[in-house]
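Given next are the chains, with one letter for each unit.
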Amino acid sequence: MTLAEILPSLGALDPLPRGGLWPEGTRVGPDGDLLVGGVSMSGVAARFGTPCHVLDEPHARARAREFRAALPEAEVLFAGKSSPVRAVYRWMAEEGLSLDVCSAGEVEVARAAGVPGARVLLHGNAKTDDDLKAALAHGVRRIVVDSPAEVDTLGALCPAGQEVLIRVIPGVDARTHRAITTGVSGQKFGVAPEALPAVVDRIAAHPNLRLVGLHCHIGSQVGRVAAYEEAVRRMVSLFPGPLTTLDLGGGFAAPYRPGESTFDITGLANRVRIALRQECAARRLPVPNLLIEPGRAVIANAGLTLYRVVAVKPGFVAVDGGMSDNPRPSLYGARYAPRLIGRASGARRVPTAVVGRHCEAGDLIAEDVALPQDVHPGDVLAVPATGAYHYAMASNYNMTPRAAVVSVRDGQTDLRVRRETISDLLRRDLG
Ligand SMILES: *Cc1c(COP(=O)(O)O)cnc(C)c1O
């Protein structure tokens with residue numbers, strides 16, 4: 001916390017931090033309201049209720065285009081699990097991205113969004129028959145095999161010529177949170193390098209399967225470009241022979257608080273491109289098609305969540321959501337940067353914890369955030385960087401209906417996912 005944040009502020013309005021935390025073009029109005037895509041956020045809170053997830057469509061599209069522009073030779077697949085919303089899948093497809101999915105449910109969102117199976121890839125460490133059947137019914141072109149036994153399960157269900165990749169553990173430590181470190185041994189995803197030759201042979205022996213490449217995913221919220229370069233080199237060294245596809249997975253970091261930087265996509269592109277050419281040349285292998293699977297880096301900062309303040313205690317502001325719409329603080333110790341919107345306040349900024357409404361002491365959104373001392377019940381807070389893995393991971397803890405998803409662009413608001421009702425929840429309980 002800086003001195004300027006603790007001292008009474010000179011103006012009533014805190015400036016928005018630079019650096020891609022909020023959607024491009026987000027502005028603070030003279031009355032303290034927050035305008036995203038030209039739309040009043042206090043208006044959205046009033047109209048759709050809180051908590052409410054808001055997505056800035058142009059921002060999401062622009063980030064998708066950035067990935068494509070940085071790596072024009074690569075196929076960019078949007079990681080569908082980060083925001084399984086039909087409109088989002090459609091925007092991504094319209095921007096030329098393919099889609100990776102990991103369940104029957106995500107396959108059905110892809111189908112409903114009109115994303116053809118030819119542009120979809122299915123992965124997952126424990127795909128059920130239902131997941132595989134849903135993917136095959138939609139004509140999903142590529143399936144990532146995660147274990148030896150899956151070769152036979154998939155082979156028995158799929159038509160001849162099914163393209164498969166093998167998920168490999170590259171042994172690259174992305175140095176991120178343990179719960180989202182997925183490229184080292186001792187975690188549940190993929191096949192160890194020693195076990196790879198046997199899986200390659202098993203696929204080769206199956207009449208329905210055609211091995212096209214290898215796949216890895218080193219983790220999430222990865223800030224180090226070098227980790228991807230390392231993954232490229234390791235993966236090419238594991239190629240059993242010429243293959244057409246190398247899928248590097250996703251995991252590119254996004255900023256959650258002021259001062260955190262956006263991922264260096266151009267740096268990634270340059271280093272990965274060079275490493276891939278060098279490594280293939282050294283091993284006399286043709287350069288495979290490169291696939292990458294960003295989720296968070298595309299959609300996290302396109303999103304924000306609106307909450308209404310319910311209770312205030314010294315040092316604490318409690319809002320009408322929390323771990324049911326944002327489990328990341330409890331899963332990874334993540335912390336956010338909420339801001340008061342909807343009115344200007346000249347009150348002294350004081351270090352405040354923003355907590356949720358749920359029955360757990362760990363249900364918090366922010367600690368030590370500088371909020372005006374006069375925040376009171378009824379105020380609206382906006383929390384940036386909630387476009388990825390919030391709606392997607394929402395739960396009904398404390399029988400809380402899940403929040404709506406609204407998108408904005410050019411002054412226009414579209415309700416994309418309606419707010420859940422308590423009747424929705426009760427309908428499943430058969431008594
Ligand atoms: C989760 C996941 C991604 C996306 O990760 P982000 O951190 O959202 O970029 C990509 N590929 C695979 C296989 C994943 O499991």
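Residues numbered from 1 in each chain as written. Predicted model: local features only at pLDDT ≥ 70, side-chain atom pairs only at ≥ 80, totals over all residues. Heavy atoms only, no water.

**Student:** For this particular structure, what's the right way to read the domain arrangement of the chain?
**Tutor:** Accessible area lost when the parts come together is the quantity often used to give the size of an interface. Domain parsing of the chain yields domain 1 (3-56 + 300-427) and domain 2 (57-298). Centre-to-centre separation of domain 1 and domain 2, based on C-alpha positions: 32 Å. On the side of domain 2, 26 residues touch domain 1, which itself brings 30 residues to the contact. Together domain 1 and domain 2 conceal approximately 2400 Å² of surface at their shared face, both sides included; 60% is due to carbon and sulfur atoms. (Domains from an automatic or database assignment. Contact = heavy atoms within 4.5 Å. Buried area = accessible area lost by both parts, 1.4 Å probe.)

**Student:** It is not clear to me how the site of the ligand should be interpreted in this structure. Could you clarify?
**Tutor:** Near the ligand lie 16 residues; those nearest to it are Lys81, Ser220, Gly251, Glu293 and Tyr389. Glu293 has a polar side-chain atom sitting 2.6 Å from a nitrogen atom of the ligand. Within the backbone of Arg296, one N or O atom sits 2.8 Å away from an oxygen atom of the ligand. In terms of residue class, the shell around the ligand is made up of four nonpolar, seven polar and five charged. (Near = heavy atom within 4 Å. Polar contact = N/O pair within 3.5 Å; in protein donor to acceptor, adjacent residues only side chain to side chain. Nonpolar A, V, L, I, M, F, W, Y, C, P; charged D, E, K, R; others polar.)

**Student:** What is the right way to look at the UniProt feature "modified residue: N6-(pyridoxal phosphate)lysine" (unreviewed entry) in the chain in this model?
**Tutor:** Within the UniProt annotation, "modified residue: N6-(pyridoxal phosphate)lysine" (unreviewed entry) is assigned to Lys81. Position of Lys81 relative to the elements: it lies in the loop between strand S5 (75-79) and helix H4 (86-94). Among all residues touching Lys81, those that are not within four sequence positions of it are Tyr89, Asp100, Cys102, Glu106, Tyr389 and Ala392. (UniProt positions renumbered as here; feature names shortened; annotations may be inferred. Helix = DSSP H or I, 4+ residues; strand = E, 2+ residues; numbered from the N terminus.)

**Student:** In this structure, what is going on with the nonpolar core? I would like to understand it.
**Tutor:** When a protein is soluble and globular, its nonpolar side chains tend to lie buried together. Met41, Val44, Phe78, Leu154, Ile166, Leu214 and Leu306 are the most contacted members of the largest nonpolar core, which has 122 residues in total. Examining the composition of this core, we find that eight residues originate from one element, helix H9 (residues 225-238), more than from any other. Each of two domains, domain 1 (3-56 + 300-427) and domain 2 (57-298), supplies a minimum of three residues to this core. Leu214 has contacts with Leu165, Ile166, Val168, Leu196, Met235, Leu238, Phe239, Leu243, Thr245, Leu246 and Asp247, leaving out every residue within four places of it along the chain. (Core = buried A, V, L, I, M, F, W, Y, C linked by side-chain atoms within 4.5 Å. Buried < 20%, exposed > 50% of the residue type's maximum accessible area, 1.4 Å probe, protein only.)

**Student:** Quick question: what am I supposed to make of the pairing of strand S9 (residues 162-167) here?
**Tutor:** On any regular strand, side chains alternate: one points to one face of the sheet, the next to the other face. The element S9 is largely enclosed, with a buried count of six among its six residues. Along S9, one buried face is formed by Gln162, Val164 and Ile166 and the opposite face, lined by Glu163, Leu165 and Arg167, is buried too. Bridge count for strand S8 (residues 142-145) against S9 is four bridges, and the pairing is parallel. Bridge pairing in S9 links Ile143 to Val164. Once the chain exits S8 it traverses helix H7 (residues 148-157) before rejoining the sheet at S9, and the crossover so formed is right-handed. Regarding topology, helix H8 (residues 196-204) serves as the crossover connection from S9 to the parallel strand S10 (residues 209-215), and that connection is right-handed. (Pairing = 2+ DSSP bridges. Right-handed = clockwise from strand over helix to strand, strands pointing away.)

**Student:** Help me understand the sheet that holds strand S1 (residues 27-28), please; the structure alone is not making it clear to me.
**Tutor:** Neighbouring strands of a sheet are bound in pairs by backbone hydrogen bonds; such pairs are parallel or else antiparallel. Taken in spatial order, the three strands make up an open sheet running S1-S2-S3, and their pairing is antiparallel. The two strands at the open ends of the sheet, each matched to only one other strand, are S1 and strand S3 (39-40). For S1 and strand S2 (residues 34-36), the ladder comprises two bridges, and the chain directions are antiparallel. Across the sheet, residue Val28 finds its bridge partner in S2, namely Leu34.

**Student:** Which parts of the structure should I look at to understand the side chain of Arg349?
**Tutor:** By the secondary structure assignment, Arg349 is in strand S16 (residues 349-355). Within polar-contact distance, the side chain of Arg349 engages the side chain of Asp14 at 3.2 Å. Polar contacts involving the side chain of Arg349 include one to the main-chain carbonyl oxygen of Ala347, which spans 2.7 Å.

**Student:** Could you clarify how one ought to interpret the sheet that holds S10 in this entry?
**Tutor:** Taking strand neighbours around the barrel as the criterion, the eight strands line up as S5-S6-S7-S8-S9-S10-S11-S12 in a closed arrangement whose pairing is parallel. Going from strand to strand, the sheet's axes swing by 30° on average, the running direction of each strand aside. The pairing of strand S11 (residues 245-247) with strand S12 (residues 289-292) spans three bridges and is parallel. What sits directly across from Asp247, in S12, is Leu291. Packed on one face of the sheet, helix H6 (residues 129-137) meets strand S7 (120-122), S8 and S9 and runs near 165° to S7. Against the sheet, H8 contacts S9 and S10, and its axis sits at roughly 170° relative to S9. (Axes fitted to C-alpha atoms, helices over the stretch in contact; angles between N-to-C directions.)

**Student:** Sorry if this is basic, but what is going on with the confidence of the model for the chain here?
**Tutor:** In regions of low pLDDT, the predicted coordinates are not meant to be interpreted in detail. Residues with a pLDDT of 70 or more make up 97% of the chain, whose mean pLDDT is 95. The model gives residues 3-11 a pLDDT under 50, and that stretch makes eight contacts with residues more than four places away or in other chains. (pLDDT = per-residue confidence, 0-100.)

**Student:** What is the right way to look at the pattern of salt bridges in this model?
**Tutor:** Between side chains of opposite charge, a pair can form as their charged atoms come close. Applying the stated rule across the entire model yields 28 salt bridges. Between Glu57 and Arg409 there is a salt bridge, and its shortest N-O distance comes to 3.1 Å. Separated by 352 residues along the polypeptide, Glu57 in helix H3 (residues 57-70) and Arg409 in strand S19 (residues 404-409) bring together distant segments of the chain. The class of Arg409 is partly exposed, set by a relative accessible area of 26%. Between Asp424 and Arg418 there is a salt bridge, and its shortest N-O distance comes to 2.7 Å. Look at the salt bridges and you will find they share partners, linking Glu57, Arg61, Arg65, Glu94, Glu95, Arg409, Asp410, Asp414 and Arg416 into a network. (Salt bridge = Lys/Arg side-chain N within 4 Å of Asp/Glu carboxyl O.)

**Student:** Help me out: how do you make sense of the environment of Ala361 in this one?
**Tutor:** If you trace the backbone, Ala361 turns up in the loop between S16 and strand S17 (364-372). Sequence-wise, Ala361 and Ser330 are 31 residues apart; in three dimensions their C-alpha atoms are separated by 9.9 Å.

**Student:** Is there a simple way to explain the environment of Gly38 in this structure?
**Tutor:** Residue position: Gly38 is located in the loop between S2 and S3. Residue Gly38 is classed as partly exposed on the basis of its relative accessible area of 48%. Once the C-alpha coordinates of Gly38 and Asp410 are considered, the two residues, 372 residues apart in sequence, prove to be 5.7 Å apart.

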